Amino acid sequence: MTSTGPHSPLSSRLRALRPAAFGADPSGERWERIQRSPNFSEGTFQNPVGARTRPSGGSMIEFAKIYFRKEARARRSPIGLVPVHATTLADWAKPPASGLRLTWMGHSSVLAEIDGRRVLFDPVWGERCSPFPFAGPKRLHPAPVPLAALGPVDVVVISHDHYDHLDLPTIRALASTDTVFAVPLGVGAHLEYWGVPADRLRELDWNESTEVAGLRLTATPARHFCGRGIRNQQHTLWASWAVAGPDHRVYHSGDTGYFPGFTDIGAEHGPFDATMIQIGAYSEYWPDIHMTPTEGMRAHLDLQGGEPSGAMLPIHWGTFNLAPHPWAEPGEGTVAAAAAEGARIAVPRPGEPFEPTAESVPSELWWRAVATAPAQGWAASGGKGSPEVAPTA
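Bear in mind that the values here come from a model prediction, so they are computed numbers and not experimental data.

Caption draft 1: Representation of the overall build of the protein in the model. When helices and strands are tallied, the protein shows 10 helices and 15 strands. Partitioning the intrachain contacts of the protein with sequence separation of at least 6 by distance along the chain shows that 68% fall at a separation of at least 24. Just so you have it, the protein exposes about 16500 Å², and 54% of that area is on carbon and sulfur atoms.

Caption draft 2: Focus on the pairing of strand 14 (residues 311-315). In terms of burial, strand 14 is largely enclosed, as five of its five residues are buried. Burial along strand 14 is two-sided: the residues A311, L313 and I315 and M312 and P314 are all buried. With five bridges connecting them, strand 13 (residues 274-278) and strand 14 associate as parallel partners. Counterpart to T275 in the pairing with strand 14 is M312. Handedness of the β-α-β unit built from strand 13, helix 9 (residues 293-303) and strand 14 comes out right-handed.

Caption draft 3: The arrangement of the pairing of strand 4 (residues 109-114) in detail. Burial within strand 4 is extensive, with six of its six residues counted as buried. With burial as the criterion, each face of strand 4 is covered, one bearing S109, L111 and E113 and the other bearing V110, A112 and I114. Connecting the antiparallel pair strand 3 (residues 100-106) and strand 4 is a turn made up of two residues, with H107 showing a positive phi of about 55°. Taken together, the five bridges between strand 4 and strand 5 (residues 117-121) define a ladder with antiparallel strand orientation. Bridge pairing links E113 to R118 in strand 5.

Caption draft 4: Seen up close, the pattern of salt bridges. Across all of its chains, the model carries 10 salt bridges by this definition. The salt bridge involving R101 is made with E113; its shortest N-O contact spans 2.7 Å. Of the two residues, R101 sits in strand 3 while E113 sits in strand 4, which places them 12 residues apart along the sequence. A relative accessible area of 5% places R101 in the buried class. Note on E113: relative accessible area 9%, which makes it buried. Between R223 and D288 there is a salt bridge whose closest N-O contact spans 3.7 Å. Taken together, the residues R223 in the loop between strand 10 (215-220) and strand 11 (240-244) and D288 in the loop between strand 13 and helix 9 connect sequence positions 65 residues apart. You'll find R223 and D288 in the same group, each marked buried. By sharing partners, the salt bridges in this structure join R30, E192 and E203 into a single network.

Caption draft 5: Quick look at the packing of aromatic side chains. The final tally for this structure, using the stated rule, is 16 aromatic pairs. Measuring from centroid to centroid gives 5.6 Å for Y258 and F262, while their planes differ by 40°, and the two rings are tilted. For the pair formed by Y258 and F262, the shared burial category is buried. Plain terms: the ring middles of W317 and W367 are 5.4 Å apart, the flat faces sit at 85° to each other, and that makes the pair edge-to-face. In this pair, W317 is assigned in the loop between strand 14 and helix 10 (329-341) and W367 in the segment after strand 15 (344-345), connecting sequence segments 50 residues apart. Accessibility expressed as a relative area gives 4% for W317, which makes it buried. What makes W367 buried here is its relative accessible area of 0%. Taken together, the ring pairs connect W31, F40, F45, W206 and W238 into an aromatic cluster. The ring of W92 has R118 lying over it, and the distance from NZ or CZ to the ring centre is 5.3 Å.

Caption draft 6: Examining empty space enclosed by the protein more closely. Tallied over the full model, the rule gives two cavities of 30 Å³ or more. Here the largest cavity defines a volume of roughly 110 Å³. Lining the largest cavity we find 15 residues, and of these G318, F320, N321, L322 and H325 sit closest to its centre. Residues that form the lining of the largest cavity fall into these classes: eight nonpolar, six polar and one charged. In this structure, the second largest cavity is lined by M105, G106, H107, S109, V124, W125, R139, A143, P144, T319 and F320. Partitioning the lining of the second largest cavity into residue classes produces six nonpolar, four polar and one charged.

Caption draft 7: Structural detail: the side chain of H224. Secondary-structure assignment places H224 in the loop between strand 10 and strand 11. Relative accessible area serves as the criterion here: at 1%, H224 is assigned to the buried category. Of the polar contacts made by the side chain of H224, one reaches the side chain of H162; its length is 3.3 Å. The residues touching H224, leaving out its near neighbours within four places in the chain, are N47, H160, H162, W238, D255, T256, I289 and H290.

What counts, and at which threshold
Residues numbered from 1 in each chain as written. Predicted model: local features only at pLDDT ≥ 70, side-chain atom pairs only at ≥ 80, totals over all residues. Heavy atoms only, no water. Helix = DSSP H or I, 4+ residues; strand = E, 2+ residues; numbered from the N terminus. Contact = heavy atoms within 4.5 Å. Areas by Shrake-Rupley, 256 points an atom, 1.4 Å probe, with all protein chains shown as cover. Buried < 20%, exposed > 50% of the residue type's maximum accessible area, 1.4 Å probe, protein only. Pairing = 2+ DSSP bridges. Right-handed = clockwise from strand over helix to strand, strands pointing away. Salt bridge = Lys/Arg side-chain N within 4 Å of Asp/Glu carboxyl O. Phe/Tyr/Trp six-rings, centres within 6.5 Å; stacked < 30°, edge-to-face > 60°. Lys NZ or Arg CZ within 6 Å of the ring centre and 35° of its normal. 1 Å grid on protein atoms, 1.4 Å probe; cavity = no way out; pocket = protein on both sides within 12 Å on 5 of 7 lines; lining within 4 Å. Points joined across faces, edges and corners; volume = space filled by probe spheres on them. Nonpolar A, V, L, I, M, F, W, Y, C, P; charged D, E, K, R; others polar. Polar contact = N/O pair within 3.5 Å; in protein donor to acceptor, adjacent residues only side chain to side chain.

By themselves, these observations are geometric and do not establish any function.
What follows is the structure, encoded as structure tokens:
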């Protein structure tokens with residue numbers, strides 16, 4: 001293996017035949033920097049705690065049987081139109097009174113307005129999270145706002161290079177603006193290949209920081225994996241992110257399994273006014289790389305020093321069908337976990353802006369109107385810090 005890149009001339013020629021959405025492999029100075037990373041060993045990036053990334057052998061066969069079971073498939077999608085907030089653009093026209101406002105666009109895409117600056121996390125406006133326009137998981141609701149109407153963004157933050165977090169058509173559209181991109185080490189190879197100028201990239205290893213428009217952005221550890229092509233070689237890093245403005249701090253988990261490092265992240269970069277935590281697309285077949293709602297709540301508490309402070313926004317659910325659990329289960333599970341811990345959560349509709357430090361945050365359990373009810377019916381809701389819902393018939 002040479003220092004110029006991880007591939008032979010033959011594999012370089014083969015790469016020319018693959019779809020543009022596969023992106024590009026790190027090479028040159030970027031590849032040399034990857035090899036020097038303390039998180040890169042034996043030819044791959046390593047997790048802070050060991051992790052299985054996918055089912056294998058007999059478990060894969062068992063998973064496939066469950067995933068394609070007819071009755072289970074019916075529960076993995078909404079049974080009606082997902083209610084998307086209708087007045088997002090009008091709401092944005094007025095600055096947030098507190099200085100901090102979040103707008104969940106669906107899945108892991110969030111626009112954070114922090115002390116007069118705008119940060120866009122994991123923007124995915126494409127119709128499918130796939131390298132192909134004709135196959136792969138399709139959106140279950142439209143993007144709340146057209147990308148062209150989003151307005152100026154100071155920095156786009158990417159957590160890792162999976163298709164449901166790094167979307168080719170979205171990045172190409174944003175490349176035509178003057179926004180800066182903050183990405184984990186190695187991911188910049190994809191963005192440069194798609195037209196983002198190198199001088200607009202801030203490419204970070206874990207625990208490295210950069211300053212953009214008066215905000216301090218830090219790539220923090222996560223327990224996940226990477227890969228866009230046919231082979232997954234772990235040559236691009238995955239990360240969570242801590243973002244601090246003059247007056248407010250937020251955290252975005254990206255994709256991650258639960259691990260003890262959340263406590264360290266909170267001690268170093270918190271406390272946070274809001275956390276955006278992955279609570280969907282989990283499965284017993286990949287328990288180390290995605291969190292359940294209960295684990296997500298535990299991570300939120302760890303990040304806040306063990307106290308139920310700040311607001312938690314559940315992300316990575318509702319937009320794409322990526323796991324065998326029912327469509328509404330992540331929302332329901334997060335409400336239950338918040339009630340058990342006395343924690344404050346916000347459950348906005350896609351596109352519904354809210355201020356995490358305001359007296360109230362979105363709390364209506366909107367998904368119940370368009371989801372198949374569990375056989376035992378919807379659980380009772382309420383309790384300290386959790387959304388309230390009127391009894392159902």
